[in-house]
Amino acid sequence: AAALASAASPEPWDEVEFVINGELTVKLDRLQPGRLTVADLRRRICDAARRGKAAEVQVECPSHGKLSDSTDLFSLLDWRRDLRASGVDTGPPRKVQLRVVHGASDERQLLVVTVDDVSSVGDIRSAILAQLNDTQRSNVRLVKRLAGGTFASLPDGELLNGRKELIMLGRSLPVASQQDE
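In this convention, every chain numbers its residues from 1, walking through the sequence in written order. Restriction of local features to residues with pLDDT of at least 70 applies here, the model being predicted, together with a cutoff of 80 or more for giving and counting side-chain atom pairs; totals for whole chains, interfaces and linings are based on all residues. The basis for every side-chain value is the complete set of non-hydrogen atoms in the structure, without hydrogens or water.

Draft legend 1. Highlighting the side chain of Arg51. Only runs of H or I of at least four residues qualify as helices and only runs of E of at least two qualify as strands under DSSP, and these elements are numbered from the N terminus. Take Arg51: it is sitting in the loop between helix H1 (38-49) and strand S3 (58-61). For Arg51, a relative accessible area of 7% corresponds to the buried category. A polar contact is formed between the side chain of Arg51 and the backbone oxygen of Asp89, at a distance of 2.9 Å. Think of a polar contact as two N or O atoms within 3.5 Å of one another; within protein, one of them needs to be a possible hydrogen donor and the other a possible acceptor, and neighboring residues in sequence only count if both atoms come from side chains. Engagement of the side chain of Arg51 in a polar contact is seen with the backbone oxygen of Gly91, the distance being 2.9 Å. Among residues more than four places away in sequence, those in contact with Arg51 are Cys46, Val88, Asp89, Thr90, Gly91, Pro92, Pro93, Arg94, Asp117, Val118, Leu159 and Asn161. Categorising residues by exposure relies on relative accessible area from a 1.4 Å probe, with only protein chains included: less than 20% of the type maximum marks a residue as buried, more than 50% marks it as exposed, and the intermediate range marks it as partly exposed. Whether two residues are in contact is decided by their heavy atoms, any of which lying within 4.5 Å being enough.

Draft legend 2. Region of the structure containing the sheet that holds strand S7 (residues 110-116). A strand pair is defined by DSSP finding two or more bridges across the two strands. As summarised here, the arrangement of the five strands in space is S7-S6-S10-S8-S9, forming an open sheet in which the pairing is mixed. The open sheet has two edge strands with one neighbour each: S7 and strand S9 (151-153). Neighbour to neighbour, the strand axes of the sheet diverge by 45 degrees on average, direction disregarded. Bridge analysis of strand S6 (residues 95-102) against strand S10 (residues 165-170) gives four bridges, and the strand direction is parallel. Counterpart to His102 in the pairing with S10 is Met168. Only C-alpha atoms enter the line fits that serve as axes; for helices the fit covers just the stretch in contact. Angles between N-to-C directions range over 0 to 180 degrees.

Draft legend 3. Inspection of the pattern of salt bridges at higher detail. By convention in these notes, a salt bridge is any Lys or Arg side-chain nitrogen within 4 Å of a carboxyl oxygen on Asp or Glu. Counted under the stated rule, the structure contains 15 salt bridges. Residue Glu17 pairs with Lys27 through a salt bridge whose shortest N-O separation is 3.7 Å. Of this pair, Glu17 sits in strand S1 (residues 13-20) while Lys27 sits in strand S2 (residues 24-31), and the two are ten residues apart along the sequence. Owing to a relative accessible area of 26%, Glu17 belongs among the partly exposed residues under this scheme.

Draft legend 4. Representation of the sheet that holds strand S4 (residues 65-66). The three strands are arranged S4-S3-S5 in an open sheet whose pairing can be described as antiparallel. Both outer strands of the open sheet, S4 and strand S5 (84-86), are each paired with one neighbouring strand and no more. Of the strand pairs in this sheet, S3 and S4 are connected by two bridges, and their pairing is antiparallel. Within the sheet, the bridge partner assigned to Glu60 lies in S4 and is Lys66.

Draft legend 5. Representation of helix H2 (residues 121-131) within the structure. Along H2, the positions that sit buried rather than exposed are Val121, Gly122, Ile124, Arg125, Ile128 and Leu129. Angular distribution of buried residues about the axis of H2 spans 160 degrees; they occupy a single face of the element. Immediately beyond the C-terminal end of H2, within one or two residues, lies Asn133, with a positive phi of roughly 55 degrees. The arc in question is traced by the directions running from the helix axis to the C-beta atoms.

Draft legend 6. The nonpolar core, seen in detail. Only buried residues count toward a nonpolar core, which is a set of Ala, Val, Leu, Ile, Met, Phe, Trp, Tyr and Cys residues joined through side-chain atoms within 4.5 Å. By size, the foremost hydrophobic cluster in this structure holds 26 residues, and its most contacted members are Phe18, Ile45, Leu73 and Leu83. Those elements giving two or more residues to this core turn out to be S1, S2, H1 and S3. The leading source of residues in this core is H1, at five residues. Residues in contact with Phe18, not counting those within four places in the same chain, are Leu24, Thr25, Val26, Leu28, Leu31, Leu41, Leu73, Leu76, Leu77, Arg80 and Leu83. Leu98, Val113, Leu132 and Leu166 belong to the second largest nonpolar core, which has 18 residues in total.

Draft legend 7. Spotlight on the pairing of strand S8 (residues 140-145). Of the strand pairs in this sheet, S8 and S10 are connected by four bridges, and their pairing is antiparallel. Bridging across to S10, Val143 finds its partner in Ile167. Two strands pair when backbone bridges link them, and S8 and S9 are joined in this way by three bridges, in the antiparallel orientation. Counted as the bridge partner of Lys144 is Ala152 from S9. Taking the residues that link successive antiparallel strands as the turn, the S8-S9 hairpin has five residues, and the phi of Gly148 there is positive, at about 85 degrees.

Laid out in structure tokens, this is it:
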């Protein structure tokens, strides 16, 4: 980290923007020496991109290569617009096809909705309701299957994060045909 020391003033910066892969801006408030590290930046990258897992993100500086988690972000101020991240898509949202299957039906019920890949569970619930011409949010409960065959609700703020299929409880969905499978 000492080799990365910047000529910047040691005074705290009220707001700093780090530009990742030339396309994603991560804003940090009150940046000062020793306060935030690359590990914090990895989490903020995932938050800003609305994708990925911080543990899978690797941050690189063009002049110093891969950065360790303990690198102080204040030491990177001179390179704040040139950082690269791998292990996460930092580009704009893309439309994806999401399969929604009913978790409690004897017949396989399936609905395919088109959503942004950065959608939250709440956004997806809204898309399902719109496609079904339904207005009752309580009719669509997105869940994960637990051991023993029980279900737990997914919080509305949870992100899709690469999933291609979700389980739904509540109102019925169209019966899946061979073509849908």
